[in-house]
Every structure is written in C-alpha cells, then in structure tokens.
Amino acid sequence: MTGLPPLFPFFRQISIHVRGHRLFLLLFFPLFLRYHPCFPVAMKFGQTLKRSLNPEWTFHYVAYDDLKTILKKGQPWNEVSESQFVERMEQELDKVYKFQCVKLSEIQGRINAEAQEVDALCQKDNPDDDEFAASEIELGHIIADVHDLAKFTRLNYTAFLKIIKKHDKVTGWSIKPMFGVRLNSKPFFKDHEGLIVHISTLYDRVRTRGKQRGGDSGAGGKQAAFVRNTTKYWVHPDNITELKLVILKHLPVLVFNPNKEFEKEDSAITSIYYDNDDFDLYMGRLEKHEGAEAVRMRWYGGMDSNTIFVERKTHREDWTGEKSVKARFPIKEKYLNAFLKGEYTVDELFAKTKEQGKKSPKEIEELEQLASEVQYRVLTKRLHPMMRTFYNRTAFQLPGDARVRISLDTELTMVREDRTKDNWRRMDIGVDFPFKQLPEQDVCRFPYAVLEVKLQTHVGQEPPQWIMDLVNSHLVESVPKFSKFVHGCATLMEDRVNVLPFWLPQMDIDIRKPPARALLSRPADGALTPSTSHTSDDSAPEQLEIDVHPDVLKKVAADNDNATETTPLLGARRASVENGDSLIKQLSPPGLRKLFSKSKTIFLRKSASPTRATRSVPRAPPAKTYFANERTFLQWLKFTLLLGALAIGLLNFSDRAGHISAVIFTSIAMGVMLYALYNYHDRADRVKRNDGGEYSDVYGPGVMTVCTILAISINFYLRFTMEDAA
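Residues numbered from 1 in each chain as written. Predicted model: local features only at pLDDT ≥ 70, side-chain atom pairs only at ≥ 80, totals over all residues. Heavy atoms only, no water.

S.K.: What is the right way to read the overall build of the protein chain from this model?
M.R.: The helix and strand tally for the protein chain stands at 22 helices and 15 strands. Across the 726 residues that make up the protein chain, the buried fraction comes to 42%. Look at the contacts in the protein chain between residues 6 or more apart in sequence, and 74% of them connect residues 24 or more apart. Accessible surface, the protein chain: about 40500 Å² in total, of which carbon and sulfur atoms supply 55%. (Helix = DSSP H or I, 4+ residues; strand = E, 2+ residues; numbered from the N terminus. Buried < 20%, exposed > 50% of the residue type's maximum accessible area, 1.4 Å probe, protein only. Contact = heavy atoms within 4.5 Å. Areas by Shrake-Rupley, 256 points an atom, 1.4 Å probe, with all protein chains shown as cover.)

S.K.: It is not clear to me how the nonpolar core should be interpreted in this structure. Could you clarify?
M.R.: Note on soluble globular proteins: their nonpolar side chains tend to be buried together. Among the nonpolar cores identified, the biggest contains 71 residues, and Phe160, Leu243, Ile247 and Leu451 are the most heavily contacted of them. In terms of residue count, helix α6 (residues 129-171) provides more of this core than any other element does, twelve residues in total. The residues touching Ile247, leaving out its near neighbours within four places in the chain, are Phe396, Ile406, Leu451, Trp466 and Leu470. (Core = buried A, V, L, I, M, F, W, Y, C linked by side-chain atoms within 4.5 Å.)

S.K.: Honestly, helix α5 (residues 79-123) in this entry has me stumped. Any pointers?
M.R.: It helps to recall that an α-helix has 3.6 residues per turn; residues three or four apart then point in one direction. If you check α5, its first and last C-alpha atoms are 65 Å apart, about what 45 residues at 1.5 Å a residue would give, namely 66 Å. Measuring from the backbone nitrogen of Val80 back to the side-chain oxygen at the start of α5 gives 3.1 Å, which picks out Asn78 as the cap. (Expected span 1.5 Å × (residues − 1). Polar contact = N/O pair within 3.5 Å; in protein donor to acceptor, adjacent residues only side chain to side chain.)

S.K.: Can you help me understand the environment of Ile406 in this one?
M.R.: Of note, Ile406 is situated in strand β8 (residues 404-416). Taking the relative accessible area as the measure of exposure, Ile406 reaches 0% and is therefore buried. For the pair Ile406 and Ile247, spaced 159 residues apart in sequence, the C-alpha to C-alpha distance is 8.4 Å.

S.K.: Help me out: how do you make sense of the pattern of salt bridges in this one?
M.R.: Any two side chains of opposite charge can pair, given that their charged atoms come close. This model, assessed by the stated rule, comprises 31 salt bridges. Between Arg205 and Asp119 there is a salt bridge, with its nearest N and O atoms 2.5 Å apart. Residue Arg205 is found in helix α8 (residues 193-207), and its partner Asp119 is found in helix α5; the two are separated by 86 residues along the sequence. With a relative accessible area of 32%, Asp119 lands in the partly exposed category. Two residues, Asp510 and Arg512, come together in a salt bridge whose shortest N-O distance is 2.9 Å. A relative accessible area of 44% means that Asp510 is categorised as partly exposed. Members of the salt-bridge network, linked through shared partners, are Arg393, Asp409, Glu452, Lys454 and Lys484. (Salt bridge = Lys/Arg side-chain N within 4 Å of Asp/Glu carboxyl O.)

S.K.: Is there a simple way to think about the packing of aromatic side chains in this case?
M.R.: In this description, a pair of aromatic rings is defined by centroid distance and the angle of the planes. Taken as a whole and judged by the stated rule, the model has 24 aromatic pairs. Note on Trp234 and Phe482: the rings are 5.6 Å apart at their centroids and 90° apart in plane angle, and the pair reads as edge-to-face. With Trp234 in strand β2 (residues 229-235) and Phe482 in the loop between β11 (477-478) and α16 (484-492), this residue pair connects regions lying 248 residues apart in the sequence. Given a relative accessible area of 0%, Trp234 falls into the buried group. Look at Phe482 and you get buried, because its relative accessible area is 2%. A cation over a ring is seen here: Arg328 above Phe309, with NZ or CZ 4.3 Å from the ring centre. Over the aromatic face of Trp299 sits the side chain of Arg425, whose NZ or CZ is 4.4 Å from the ring centroid. (Phe/Tyr/Trp six-rings, centres within 6.5 Å; stacked < 30°, edge-to-face > 60°. Lys NZ or Arg CZ within 6 Å of the ring centre and 35° of its normal.)

S.K.: It is not clear to me how a nonpolar patch on the surface should be interpreted in this structure. Could you clarify?
M.R.: A cluster of nonpolar residues, Val698, Tyr699 and Val703, forms a patch on the protein surface that exposes about 360 Å² of accessible area. Relative to the helices and strands, Val698 is located in the loop between α21 (656-688) and α22 (700-725). (Patch = residues over 30% accessible without salt bridge, like charges linked within 9 Å, V, L, I, M, F, W, Y side chains within 5 Å.)

S.K.: What exactly am I supposed to notice about the confidence of the model for the protein chain here?
M.R.: It should be kept in mind that the predicted coordinates are not to be read in detail where pLDDT is low. Here the protein chain averages 75 in pLDDT, and 74% of its residues register 70 or above. Contacts of residues 592-618 to residues separated by more than four positions or lying in other chains number 50 contacts, the stretch itself having pLDDT below 50. (pLDDT = per-residue confidence, 0-100.)

S.K.: Any chance you could explain unusual backbone geometry here in plain terms?
M.R.: Most peptide bonds take the trans form, and the phi angle of most residues other than glycine is negative. Geometrically, the link from Phe433 to Pro434 is a cis peptide bond, its omega value of 10° lying close to zero. Note on placement: Pro434 falls in the loop between β8 and β9 (443-445). Even without being a glycine, Lys288 presents a positive backbone phi close to 55°. Despite not being glycine, Phe435 shows a phi value in the positive range, around 60°. Its location among the elements puts Phe435 in the loop between β8 and β9.

S.K.: Would you take a moment to explain the side chain of Glu92 for this structure?
M.R.: In this fold, Glu92 is placed in helix α5. Taking the relative accessible area as the measure of exposure, Glu92 reaches 5% and is therefore buried. Among the polar contacts made by the side chain of Glu92, one reaches the main-chain amide nitrogen of Ala63 at a distance of 2.9 Å. Each residue touching Glu92, except ones within four places of it in the same chain, is listed here: Tyr61, Val62, Ala63, Leu67 and Phe160.

S.K.: It is not clear to me how a positive patch on the surface should be interpreted in this structure. Could you clarify?
M.R.: Residues Lys44, Lys72, Lys162, Lys165, Lys166, Lys169 and Lys176 make up a contiguous surface patch of positive charge. Looking at the positive patch, the element that brings in the most residues is α6, giving four residues. Turning to its location among the elements, Lys169 is positioned in helix α6. (Lys, Arg positive; Asp, Glu negative; His and termini not counted. Charge placed at Lys NZ, Arg CZ, Asp CG, Glu CD.)

S.K.: I tried to follow the packing of α6 against helix α10 (residues 240-248) on my own but got confused; where do I start?
M.R.: Between two packed helices, both the angle of their axes relative to each other and the distance between the axes serve to describe the pair. Packing of α6 against α10 leaves a shortest axis separation of 9 Å and a crossing angle of 170°. As far as their axial angle goes, α10 and α6 are roughly antiparallel. Across the interface between the two elements, Ile143, Val146, His147 and Ala150 from α6 touch Thr241, Glu242, Leu245 and Leu248 from α10. Broken down by class, the residue content of the contact of α6 with α10 amounts to five nonpolar, two polar and one charged. (Axes fitted to C-alpha atoms, helices over the stretch in contact; angles between N-to-C directions. Parallel < 35°, antiparallel > 145°, perpendicular 65-115°, else oblique. Nonpolar A, V, L, I, M, F, W, Y, C, P; charged D, E, K, R; others polar.)

S.K.: What exactly am I supposed to notice about the pairing of β2 here?
M.R.: In regular strands, side chains alternate between the two faces of the sheet. Relative to strand β10 (residues 449-455), β2 runs antiparallel, the two sharing seven bridges. The residue bridging Lys232 from the neighbouring strand is Glu452, located in β10. In the sheet, β2 pairs with β11 via two bridges, with the strands oriented antiparallel. Following the sheet pairing, Trp234 is matched in β11 by Glu477. (Pairing = 2+ DSSP bridges.)

S.K.: Help me understand the packing of α5 against α6, please; the structure alone is not making it clear to me.
M.R.: Where α5 meets α6, the axes come as close as 10 Å, and the angle between the chain directions of the two elements is 165°. By the angle between their axes, α5 is roughly antiparallel relative to α6. As for the relative orientation of α5 and α6, their crossing is left-handed in sense. Residues that form the contact of α5 with α6 fall into these classes: 19 nonpolar, six polar and eight charged. (Left-handed = near helix turned anticlockwise from the far one by under 90°.)

Structural data, given as structure tokens:
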C-alpha cells in the first residue's frame, strides 16, 4: 500500500475544489482504483491459469478455455449439449489424472533410488562429502518437482471446480454432485504427505552425513509441561505444499513412531474443549486476562486410541514475569468419564504410576496437583464438552530438541460438542474428514491451514534467519493470538456469545499475496539458483552453468573439427568414457554424481573468474521508479483539476460564451486525464518488464499546450464577438 499517502490527500483536494460536484469523482475514481497498483485487481482464473502453468506440461492441463467456449456456443442448452460437455469433462479428467499418476510414480521411483544410494553411503566407513553433496542436489531437484506437481494439481482441481460452477450457472443443469463423485474416483488432488515425510527423512540423513541424531524421536509426544513463545499464521491451500517443502530443508518432519509406515491417521489430532453455559473459559481466552484457562481432552490418531491427554493451558500476563504454560497428564479413556464426575480419584489415577517407579516423586506430585486442579475446576465451574477441533498436523522439529518447533495444521474442522451431556465426547463422528454426516450448523470447515512457530530462545537472541524469511514471505498471513476454540465458538455459537474475535472480518479477505522472492530454489551445479519451477512472474529462469576443464574442451573442439555432415549429433560411444556409458547417461544426474565422486578435474565448481561470461540475474526495479511514475501521473491530474475547476466556474457563473468555453475546457481536461491514465498504466507495465526503451513523452506536452492555447483563444473570440453583437 505504498501509494496510499499521495493518493487519498489528492482526492481530498479534488473534493474541496469541486465543492459538491461529485460527478467527477464518481466517474474517475473507479478508473483510478482499476489501474492504480495499490489496489489489486482480481484476475480471471483463465488468465491466472495461463500465467501459472508449467510450459513443459502445457498439454496436460485441463482445457479450461475450450470448456468455456463449449458453454458459450452451446446455447440453447439441451440434452445433446449436456452429453457432449460431460464427455469432454471426462476426457479432461482422465488426461489430468493419468499424467499426475505418471509423474507421481516417476518421483516415487527417484525417491526410492535415492534412498538406496543414501543407504549405501551411510554404510560406508568414510563416505566422501562430495557424494553426500550430490545426493543433496538430487533431493533438491526432487523437492522442486514435488512442488511443481503440487501446483499442477492445485491449478487443475481449481479449474474443474470453476468450470463446474460456471456450467451450473450458465446452463441451469446441475452436474456438481455427479462430477464430485467422478473427482473422488480419480483423486489426483490428494496431498503428498507420504512423499514429504519420505523426502524429509532422506534429506535429514544427508544433512547429518548419515550420523544418528541425539535425543528421542518421540520427544514431542512425551512432553508433560513446556513453555514456548508461539506465533500463529494462516496459510492458503495453494501454498501448503510449498511451505512444507521449504521447511523440511531446514527441519525434518517429526515422526513419533519411526518404525511404523506412515498413515493418514497418524497425523490426526482431536481435542474436546470444555466450557460452561456462561462461556467463562471462552471469554478468558478471548480477552487474555491474567490466569485465563482452557481445559481440553486430546488424543492422537484414530478413534481406537486408548490414551487421552487432559490438558490445561494457563495464560500469564507479561507484567507477572511468568510465561503462559501448557500442562497435561495422560488417562485411560475408560476412566475419563468417572474422573470428570469426581468418581475416579487422583490417587487411583496415579497409583500404577507410583508402582512402576518410572517417574520421580516430584514429577508425580506435580501431575497429581494438576489433575486435582483440573477435576476441581470441572466440577465447580460445571464444565462440559463445548467444542471439538480436528486437524492433521505436520510437525517439524529436531528429535529431542524443542528449541525450534514448527507445526502445520491442515483440514482444520470445528464441531459442536455441547449437544453431548452424558459422555465426554460425541460418538457419531471419528476422524473422517470432512464429516459429511453432520448438519452444516454443527460443523465449521476452516478454509486455511494454521502454521504455529514455537521458539525457545535466550533473552536478546534472534530467531534463525530462515524463519524470519519464512514468516515475512507471501506464503503466510500473520494472525496473532488466533485460537481454534474461540473461532469455533464464535462461528457455530454466534447467538450465544457476546464478544467476537478480531480476526473474523479477515476471513472475507483473500490472504494470497504476490511472491516477493522465491523461497524454494532448485540446485544447479552445487550452487543454489532461482528455482526453474514456474512462477507467476515474467522473469526468465537462470540457465544451468557447468564449468568444464580446458582439456575436455580441447578434445571436444578437435572432435568437432573432424566432424562431417554424416556425423551423428550426439556422437558415437567413446572409448575414453568409463564403463562405455553414452554422453546422455554421463550428463544425467546419476552420471554427474559419478563424475563428482571419481574426478575433481573434469567438472569444477563455479569460480569468480572475471574472464568468464555469465548471464546477469534480472533484478526487480526499485520502488522509487514506481513512485516517480505515480508523481508524474499526479502532476498531470493537477493540471486537469485546474482546467476542470475553470470549466465549472464558467458553467455556473457565466453567459452563453462562457458555457461554450466550459464545454471546450471540460473536453480538454477529460482527454488529458484519459491520456495521462493510459501513459501511467503503460509505463508501470514497462517498468515491471524492465523495458529499457524511451520513457519520455515527446508529443503529449506539446499537444496539450496547443489545445489549451486554442481553447483560450476561442474564449476570447467568443467574448468579443458576442459583446459586439450585443
């Protein structure tokens, strides 16, 4: 919003000068909003698709424009038209689904092959760092390919939803239910959580050079009491996969049970929040007053989980010098109802724990005190189940190290629990997102993912730079103090709560932002370069640069000198190439890795030699260039403002000669205004493209001066001739 300061004072000046004549504002203010860069314009999806598609996969995207054309030309719509349209939709769905399956299998095969190579490297006594570096480069390419495939999937899924909606609106025939079933039968749009977990494990092994990390891999699931500084963000579904891939390059995905194959249910977290009919706990969490508490029952995985964690979150104000604390204790599901009713005592709860002797007396004492306080609070405040939250969590953390922990909660859903009185939770649902069996008034499906960044740093210590880059990027939208429990109550029980959270109006705003810089990069020749993954900007990607030893260049030049018209372009097999591999195989990623490991004279890392010709990286134009263009536009508008004010004065306070002159001056003012608006928008586009052409206006000022002189001359002529006639 950098243009706001000069923008609104200018229109305030217009309002003062025209003194009530608001037709001017009504006509031209919308035009200004349309072309001013401070006000983003919603781009049609067809244009978004064209700008965002991967050029190499163009023919595999859904033919969105063709489907739109069928809808436009098929009127009046009949059964034949409907049959042809549905058949074309089936063809497009089959095309997208098959391509997605092929690419997914290809990526999975590359991951498996890389896993075997990493296993072989880790089994060596003294593996070479160059071999690990080559594996890291290959994993970087796989990460970029997963990102490209996720973007391809998201764009096509959105295209199908858009065209279905347009079909139902234009034709009056409904295919949404039927085609929804077809989409589910070919689920190309499902997430890639399993791939991400596998890639994260490999990347972490390569990053540690095959060494085992210290700590417990299940540390996150066994923590009892912990203090963290937490910041929360919303993530648009379009950015979820990219965000995960960015984070896993710095932190591994935390797997609580590494010996078990990952399943979808493993990431599910369900919490039952308790409150009373006066919403005391809701108000406490919303107002964040000292000592505000939240009580919830949480379990991990599916409905067959027997261990339930009873948790209490306590808010502490800064002036107390204490930090907000979350504490919890486990209890078997079969005892929970009796515990909440006071029938199952704290002594009975921890009797077995004392016998096992796995915890110290001090730890048991703290857990007993916590359980007693929670039980007392439930009974005295008459707390009962109020709100359920469900989500699938991807946690990023070094095992056994909670200093930096990032969690991403997707498929977040809030469900009313206040209809259940006799049990600690409702039993008609499980973890079967999106909970289609529930009535709409009982469920709220949150449209975004929720990112939580939890840091434990010393006083004065800055967070890692990559975290600062992440939270300030286009991938996230900051929402401080966001609460799933509060949002669920405010959305599903709006008629029962008196105060709503501040972020509710933000739900109506598109949180997507244009990328300022690429966070996900594709490695090339041992160095990180801007990713060749397709983006929405028009900048060309960097080309892969490989430094070749001079002896190799001489040999290639000699071969070229002896070449004839019948010489194959790719050349015959050369005896000098080890193992008889072809040139193509030598230039493939495995071949490059082999050359990296066997020779340090053929392929060299990039040097800073001044004699080497390199391609300059295009830079974004500085902000002052846009401001200069904007100032020029405002100067032109000031001239039209004076001319318009003169015309209004002549129109209201003059005779027939003045009226004619007012029409002439108004015409000139409007023409100059439209001309200035066109020039402003054209220059802004050229600056964005880094166009080095001519920016000066050669003819505009001269034409404006001539027109102004003619208008003034006509005014003088009319004035003198009409006075002589009178």
